[in-house]
Amino acid sequence: MSEIFKGSFTQQEPIPEDGISAALEVMRHGRLHRYNLGPGEAGEVALLEQEFAGFVGAAYCLAVTSGGYAMAAALRAVGVRSGDGVLSNAFTLAPVPGAIAGVGAEPVFVEVTGDLTIDLDDLAAKAGRARVLLLSHMRGHVCDMDRLMEICRRADLTVIEDCAHTMGAYWRGVPSGRHGLVGCYSTQTYKHMNSGEGGLLVTDDPEIMARAVMLSGSYMLYGRHLAAPGAEAFEAVRYETPNMSGRMDNLRAAVLRPQLRDLNRQCDRWTERYRVLEAGLRGTPGLRIIERPEAERFVGSSFQMLLPDWDGAAVDAVVARCAARGVELKWFGAPEPVAFTSRYDSWRYALPEPLPQTDRVLAGLLDMRVPLTFSLEDCALIARIIRAEVSAVYPGAAAAE
Ligand SMILES: *Cc1c(COP(=O)(O)O)cnc(C)c1O
C-alpha cells in the first residue's frame, strides 16, 4: 500500500486571534484609511511601519499595497527612468520584471547558478549595462551578499532587494533587505506574513524614503508617518514627485502587526519543516538538493530540488506520480508557463536574451510550497513519497541518456 498525502499545499494558517480582534476594532471605528486618525491616534499603518523598521533595523519604512508596488516605487525613487536597463536574476517570479517594465525600464537578466542564486560572474560581466540591480532572493536562496555588494560597489550599481521570500532571513547576521539601498517585502498570502495583499519598503536614505512616501500617495500628510524622515526631507521632492496611490490601509496593518510579533518563531517553524524534507530527500539517487551556506539564515517556506540533466518526459513523470499521491510539485522547466512557474523566456515584453545556464538549471527544477499547516510528520511523509517516485522513474531516465 503506497502512502498518500492528504494536506493542502495552498492552505496557510489562520490569522492570529489578536489580529482578528485588531481588525474588528478598525472596522468598528471605521477609520480604515491610513491618514484618517482620531485625536492622538497613531494609526495601525504608521505603527506597523515603525515596528517593521525596528524589526529589520532600518531608519525608515513605508507600507504599500503589494510587493510589486514596493519594487516599482523603489525603482522610481532611486531614479530609474523610462528606457533604462535594470539588472535582475533570471530565476524569479513575474512581479519582478513586471515592476521593471512598469516604470518603462528594460530588464537585463543575469544567469542563475545551480544553487539557485544569481551568477556573480555573469553579474560582473553585465554590470555596465545598467545603474540598478533589482536582486530577487528567489525562493529564499541568498547569494554571497558580501561578494555581490563588492561587485556592485565597484561597478557603481545601486542595489534594490526583492525580499518576498526572505522576510525574516539573514546573511551573516544582516537582515535580508538591509544590504542594498532599498529592501522590498510582500505580505501577500503566500509569503511570511499574510494580509491578502500588501508590501513594505525599507531604506536608511531620507530622500529615497521621502520620494517613496510621496509616490505612495501621501498628499501633504507625510507628517503623520512615524517611520519617515522629517519635513525637511520632503521640501524638494514634494513638488516633483507624482502621486501614484498605493497606500496600505489600517485593516491590513492591524492584521499584520500581531504576525510581525510572532515572525521569528514562524520562520523557525518553516525552517524546521524544511530540514525534515531535506533530511528525507538527501542522497536520493538522481536528485540534488541545495546545500545551504553557513552564512545564510534562511526561511524554509518553500523547498526546491533538482533533477539535473533529466529528460523532460521523466521530470514530467515524477511530477505526475507525486501528484497522484497528493504531493504537488511545480516544474520550472515546463515548456508553457503554468500557475506561478513562469520562466524568463515567457516574459516576452522584456525581450529576453537566451541564458543557456539558466535554461539548464530550470529544466530540472522542482519547487514545492511548505505551508505551516504541514506538521513535521507531514513533511517526512512528503519526502518519502518524492523519494520513492524519483527512484521509480530514475533508472528509466538514466537509460534514456
Ligand atoms: C510574491 C513575490 C513578489 C511580490 O508579490 P506581490 O504579489 O506583488 O506582493 C515579488 N517577488 C517574488 C519573487 C515573489 O514571489
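Bear in mind that the values here come from a model prediction, so they are computed numbers and not experimental data. (Residues numbered from 1 in each chain as written. Predicted model: local features only at pLDDT ≥ 70, side-chain atom pairs only at ≥ 80, totals over all residues. Heavy atoms only, no water.)

Peer 1: Give me the lowdown on the overall build of the protein, citing residues and values where you can.
Peer 2: Looking only at helices and strands, the protein has 13 helices and 14 strands in total. Sorting the 401 residues of the protein into buried and exposed places 57% on the buried side. Sequence-distant contacts, at least 24 apart, represent 72% of the contacts inside the protein between residues at least 6 apart. Split by element, the accessible area of the protein, about 16000 Å² in all, is 52% carbon and sulfur. (Helix = DSSP H or I, 4+ residues; strand = E, 2+ residues; numbered from the N terminus. Buried < 20%, exposed > 50% of the residue type's maximum accessible area, 1.4 Å probe, protein only. Contact = heavy atoms within 4.5 Å. Areas by Shrake-Rupley, 256 points an atom, 1.4 Å probe, with all protein chains shown as cover.)

Peer 1: Help me get a handle on the nonpolar core, residues and values and all.
Peer 2: L75, I160 and F234 are the most contacted members of the largest nonpolar core, which totals 37 residues. Those elements that place two or more of their residues in this core are strand 1 (60-64), helix 3 (67-77), helix 4 (95-102), strand 4 (132-136), strand 8 (182-186), helix 7 (206-216) and helix 8 (231-237). If we ignore the near neighbours within four places in the chain, the residues touching I160 are A74, L75, V78, V132, L133, L134, L135, V182 and C184. (Core = buried A, V, L, I, M, F, W, Y, C linked by side-chain atoms within 4.5 Å.)

Peer 1: Mind laying out the side chain of K330, listing which residues take part and the relevant values?
Peer 2: In this fold, K330 is placed in strand 13 (residues 330-331). Take K330: its relative accessible area is 19%, and that puts it in the buried class. Setting aside residues up to four positions removed in sequence, K330 forms contacts with A339, F340, T341, L365, L366 and D367.

Peer 1: Tell me about the environment of M244, and please be specific about residues and values.
Peer 2: Among the structural elements, M244 can be located in the loop between helix 8 and helix 9 (250-261). When its relative accessible area of 31% is taken as the criterion, M244 is described as partly exposed. When the C-alpha positions of M244 and S218 are compared, they lie 9.4 Å apart, and in sequence the two are 26 residues distant.

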